[in-house]
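What follows is the residue order along each chain.
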Amino acid sequence: MALRLGVSTPSSFNEALRHPQMKVLPQAVSQADWESIVSYYLAQSPDSLPAQVLPAEPQLDPAAFRVGPFVPGLQSSAIITLLKTDSVRERIFVGEAGTNYLRTFDWNRRLLSTQTLPSPPTDLIVGKERVLVLESGILNPNDEPKGRLVELGTGKVLIDSLFRPVFVRQYDFDGDGRDDFLICEFGDNRGRLALYHATGSTYERRVLDANPGAIRFEIRDLTGDGIPDVVALLAQGDERIALFENDGKGNFSAPPRILARFPPVYGSMYFAMHDFNGDGHPDIVYVNGDNFDYSRVLKPYHGVRILENDGQNNFVERFFFPVYGAARAEVADFDGDGDLDILTTSNFADFVRHAERGIMYFENTGNYTFRPSAFSLASGNQWNLTATADLNKDGRLDVIVGAMNLGNIARMQRRSGGPVAASDPLLLFENRR
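Residues numbered from 1 in each chain as written. Predicted model: local features only at pLDDT ≥ 70, side-chain atom pairs only at ≥ 80, totals over all residues. Heavy atoms only, no water.

Chemist: How should I be thinking about the pairing of strand E29 (residues 426–431) in this particular structure?
Modeler: Looking along a regular strand, one sees the side chains alternate between the two faces of the sheet. In terms of residue burial, E29 counts as a mostly covered element, since 6 of its 6 residues are buried. Here E29 shows two buried faces, one formed by Leu426, Leu428 and Glu430 and the other by Leu427, Phe429 and Asn431. Two strands pair when backbone bridges link them, and strand E28 (residues 398–403) and E29 are joined in this way by 4 bridges, in the antiparallel orientation. The residue bridging isoleucine 400 from the neighbouring strand is leucine 428, located in E29. (Buried < 20%, exposed > 50% of the residue type's maximum accessible area, 1.4 Å probe, protein only. Helix = DSSP H or I, 4+ residues; strand = E, 2+ residues; numbered from the N terminus. Pairing = 2+ DSSP bridges.)

Chemist: Can you help me understand the packing of aromatic side chains in this one?
Modeler: Aromatic ring pairs: the centre-centre distance and the angle between the two ring planes describe each pair. As enumerated under the stated definition, the model contains 19 aromatic pairs in all. Consider the rings of phenylalanine 70 and phenylalanine 105, whose centres lie 5.3 Å apart with planes at 90°: the pair is edge-to-face. Highlighted residues: phenylalanine 70 in the loop between strand E2 (65–69) and strand E3 (80–86) and phenylalanine 105 in strand E5 (residues 101–106), separated in sequence by 35 residues. For the pair shown, phenylalanine 70 and phenylalanine 105 are each scored as buried. With a centroid separation of 4.8 Å and an interplanar angle of 65°, the aromatic rings of phenylalanine 321 and phenylalanine 362 are classed as edge-to-face. Taken together, the positions of phenylalanine 321 in strand E22 (residues 315–322) and phenylalanine 362 in strand E25 (residues 359–366) put the pair 41 residues apart, joining distant regions of the chain. Residue phenylalanine 321 is classed as buried on the basis of its relative accessible area of 1%. (Phe/Tyr/Trp six-rings, centres within 6.5 Å; stacked < 30°, edge-to-face > 60°.)

Chemist: Mind showing me how you'd approach the sheet that holds strand E26 (residues 369–374) here?
Modeler: With mixed pairing, the 5 strands of this open sheet are ordered in space as E1-E26-E25-E24-E23. Of all the strands in the sheet, the pair left with one neighbour each is strand E1 (59–60) and strand E23 (326–332). For E23 and strand E24 (residues 341–346), the ladder comprises 6 bridges, and the chain directions are antiparallel. Its bridge partner being in E24, arginine 328 is matched across the sheet by threonine 345.

Chemist: Hey, could you run me through unusual backbone geometry in this one?
Modeler: Across the chain, the bulk of peptide bonds are trans and the bulk of non-glycine residues have phi less than zero. With an omega of 0°, the peptide bond running from alanine 254 to proline 255 counts as cis. Structurally, the position occupied by proline 255 is in the loop between strand E17 (239–244) and strand E18 (257–262). Look at glutamate 90: it is not a glycine, yet its phi comes out positive at around 55°. Mapped onto the elements of the fold, glutamate 90 is located in the loop between E3 and strand E4 (91–96). Its identity is not glycine, yet glutamine 236 carries a phi of approximately 60°, on the positive side.

Chemist: For this particular structure, what's the right way to read the nonpolar core?
Modeler: Taken as a class, soluble globular proteins show a tendency for nonpolar side chains to be buried jointly. Core analysis: the largest hydrophobic core is formed by 21 residues, its most contacted members being Phe276, Val304, Ile306, Ile342 and Phe362. Listing elements by their share of this core, those giving two or more residues are strand E19 (268–274), strand E20 (283–288), strand E21 (303–309), E22, E23, E25 and E26. Broken down by element, this core gets its largest block of residues, 4 residues, from E23. Beyond its immediate stretch of four places on either side in the chain, isoleucine 342 contacts Phe276, Ile306, Ala329, Glu330, Val331, Met360, Tyr361, Phe362 and Phe370. (Core = buried A, V, L, I, M, F, W, Y, C linked by side-chain atoms within 4.5 Å. Contact = heavy atoms within 4.5 Å.)

Chemist: I keep staring at the sheet that holds E3 and nothing clicks. Help me out?
Modeler: Strands belonging to one sheet form pairs held by backbone hydrogen bonds; the direction of such a pair is parallel or antiparallel. Strand order in the open sheet formed by 4 strands is E3-E4-E5-E6, with antiparallel pairing between adjacent strands. Where the open sheet ends on each side, the last strands, each with one partner, are E3 and strand E6 (111–116). This sheet shows a mean twist of 15° between the axes of neighbouring strands, independent of strand direction. (Axes fitted to C-alpha atoms, helices over the stretch in contact; angles between N-to-C directions.)

Chemist: Quick question: what am I supposed to make of the environment of alanine 2 here?
Modeler: Among the secondary structure elements, alanine 2 is positioned in the segment before helix H1 (12–17). Classification of alanine 2 as buried rests on a relative accessible area of 2%. In sequence terms alanine 2 and valine 29 are 27 residues apart; their C-alpha atoms lie 9.2 Å from each other.

Chemist: What's the story with the pattern of salt bridges in this structure? I'm lost.
Modeler: A side chain with one charge can pair with a side chain of the opposite charge if their charged atoms come near. Inspection of the entire model under this criterion finds 26 salt bridges. Glutamate 218 is paired through a salt bridge with arginine 220; the nearest N and O atoms lie 3.1 Å apart. Salt bridges sharing partners connect three or more residues here, namely Asp209, Asp238, Arg240 and Arg261. (Salt bridge = Lys/Arg side-chain N within 4 Å of Asp/Glu carboxyl O.)

Chemist: Would you take a moment to explain the pairing of E26 for this structure?
Modeler: Direction of pairing for E1 relative to E26: parallel, over a ladder of 2 bridges. From the neighbouring strand, glutamine 59 faces E26, where its bridge partner is serine 373. Taken together, the 6 bridges between E25 and E26 define a ladder with antiparallel strand orientation. Within E26, the position partnered with asparagine 364 by the bridge is phenylalanine 370. Between the end of E25 and the start of E26, which pair antiparallel, lie 2 residues, with asparagine 367 showing a positive phi angle near 55°.

Structure, rendered in structure tokens:
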């Protein structure tokens, strides 16, 4: 805080965090005001946080899924940065940091190819004739514009100079017959949510939001005018879900409409839009649990939430289930009973007491109530990404889960009694319903 307020302190930790791209108040606060702020925090901050109180006790290893390694003994860094399925050509793409591998498997989990990329891949666009890969540049927090969107195989660079990009979609936002690219450039002190408009063989950048922390979006006609809008999750301090309204010409409202806002410490990780109550209006599933910053303690407000849409795009929380370190939510009718269930992952579970809650399944029992389950196999690692596909073609969606074994976090967990990370970087949850 001192750095951002323009205050000099004797702390070497603060100086280590100094960065030329960090936003700082144009006029520093006075020393007296700074001392008042410090005194307030020391007096008011709790010594500890309360434990999470669960609305229901999870069942262990439910019969709904048969769980095992995706590929037994697969050698990997176990830092999975990309997990995508291609149902048309029956392919599974797995990218990782450390090795910068991009592996391709078939529906039978046989390895088709392994490619080494210049940097860890974070997203893919699978087209009819080509595959485009989003390269992060540098995966660790940084402000270097080294990310790229590249054609796989040929190496042709479509877009470069991206700030640590994490998510991309292709869409014709202005109806001119040419697809644009919308990219979340998460960055660190610098970042943006930007539209790259096709102009011949090049792309013109149009910035929707010029702040770091863009992590995911959905393309939805949320205003009902027949024109696709953008709903985005923006993290990195100003945690919010925002609606960018499209005027039909590829220009988006500024400032956007804020659909939901969360405290800076929440650690937003993921959101998706699904109609949970069947009223024809998309609700929001929101996941928060990023714990890789300055306060690595278990937080009771981490978890998965459902925000109900009243039909006018006003959203109210109707469901919350605490999940320490929640990272992802895969939403589908997994049990085939006509309503939406949820499978979550956690990158920062309580490894001392409940490591099995690193992956959880919530069976929808109606009226925003869910029956929770956890999985003993989850205790062997930290978990992040998910993908779904009907791998055995039985008409039921299976789930693939990827690890995010961050080395220093894993060492910290071992010191506190947590397990050594398992060697399997990918798990398969075969749907048995």
